[in-house]
Amino acid sequence: MQNDRENIERLAHEIDQVLNYKLGIAESIEICDHTPQILQQLGLKDLPILMSQKHVRNCLHEKGKNPRWHGLDKSDLIGLIDELQAPALVMDSLRDDYSIIVVTATVDKDRLPIIATIRCYGEGQYELAAVQSNYLTSVYGRNNFSNFLNNHIQENTLLYADKEKVQRLEQFSRQQLSRTYSLCFGHDGIIRQSTNVCQAATQNETHKEVDPFIAYLDSVEDRAAVENHIVRETQQNNNQKDPKENGNEHD
């Protein structure tokens, strides 16, 4: 395991390589070489946390007409090394049954709380090798965070809460969070294991032949559409293959 300084220097260098288009097109960057202990206690496997180049560029692109441009600073991505180890809140995603959401105790330039979505048991390419990972699919400042938090409380998806960090986030973001948090949810610490991580583990065991580039797509819907297409195409190819064929795969 690398020490904190080495991790920071390595990540800063990898981000620079992404911004200067110095990496191979399918290469990911590594946010952390291990999944933080608190996330492991919620059920995640101890895997590297990777992130695609496209998501890095979108996160750091100035906010504009594209909703995937999030206007974060390079320091915000580097700060994830610490923020993922000591989050304010962690919850199961309501949009993706295989992802969790980590709410950091920091805010973006518009004082919006920065959240990170992690896809459990994702796969990416790192240092020219296919690597199983917990894949960071999005990092951004969350609009309407009070409503977002209240919705997750009502849906009972919260996994972990640090009351002190929620109060700190309230100060930084100038949003009324403590009242929602206190009235609806009084827990402090680990609440329960992640349902989504369990579902991701089950899905990972039922291995399907899909192309690793799925990990780099932007949305859950895109990944599902491409995955289904590849599975169908593979099945069709297998059905059409001549059983007498000698297996010459290349011209």
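What you see is a predicted model; the values in this text were computed from it and never measured.

*Asks:* For the pattern of salt bridges, give the residues involved together with the corresponding values.
*Replies:* Evaluation of the coordinates by the stated rule reveals 10 salt bridges. A salt bridge links Arg10 to Glu30; its shortest N-O distance comes to 3.8 Å. Taken together, the residues span a long stretch of sequence, with Arg10 in helix H1 (residues 4-19) and Glu30 in strand S1 (residues 28-32) at a distance of 20 residues. Pair check on accessibility: Arg10 and Glu30 agree, each one buried. Among the ionic pairs, Asp108 bridges to Lys63, the shortest N-O distance being 3.0 Å. Of this pair, Asp108 sits in the loop between strand S4 (99-107) and strand S5 (113-126) while Lys63 sits in the loop between helix H3 (53-60) and helix H4 (74-78), and the two are 45 residues apart along the sequence. When its relative accessible area of 37% is taken as the criterion, Lys63 is described as partly exposed. Because the salt bridges share partners, they merge into one network encompassing Arg10, Glu14 and Glu30.

*Asks:* Please give an account of the packing of H1 against H3 that cites residues and values.
*Replies:* Remark: H1 packs on H3, axes separated minimally by 10 Å, with the N-to-C direction vectors making an angle of 90°. With respect to each other, H1 and H3 are oriented roughly perpendicular. For the pair formed by H1 and H3, the contact residues are Ile15, Val18 and Leu19 on the first element and Gln53, Val56, Arg57 and Leu60 on the second.

*Asks:* Give me the nonpolar core: which residues, what numbers.
*Replies:* Counting 37 residues, the largest nonpolar core has Ile31, Leu39, Met51, Ile100, Ile118, Leu136 and Val139 as its most contacted members. At 5 residues, the largest contribution of residues to this core is made by S5. Those residues in contact with Leu39 that sit more than four places away from it in its chain are Leu44, Leu84, Val90, Ile100, Val102 and Ile118.

*Asks:* Describe the state of the cysteines, with residues and values.
*Replies:* All chains considered together, the criterion is met by 0 disulfides. Between Cys120, a free cysteine, and Cys198, which holds the nearest cysteine sulfur, the sulfur-to-sulfur gap is 9.6 Å. Given a relative accessible area of 3%, Cys120 falls into the buried group.

Scoring rules and cut-offs
- Residues numbered from 1 in each chain as written.
- Predicted model: local features only at pLDDT ≥ 70, side-chain atom pairs only at ≥ 80, totals over all residues.
- Heavy atoms only, no water.
- Salt bridge = Lys/Arg side-chain N within 4 Å of Asp/Glu carboxyl O.
- Helix = DSSP H or I, 4+ residues; strand = E, 2+ residues; numbered from the N terminus.
- Buried < 20%, exposed > 50% of the residue type's maximum accessible area, 1.4 Å probe, protein only.
- Axes fitted to C-alpha atoms, helices over the stretch in contact; angles between N-to-C directions.
- Parallel < 35°, antiparallel > 145°, perpendicular 65-115°, else oblique.
- Contact = heavy atoms within 4.5 Å.
- Core = buried A, V, L, I, M, F, W, Y, C linked by side-chain atoms within 4.5 Å.
- Disulfide = S-S within 2.5 Å.

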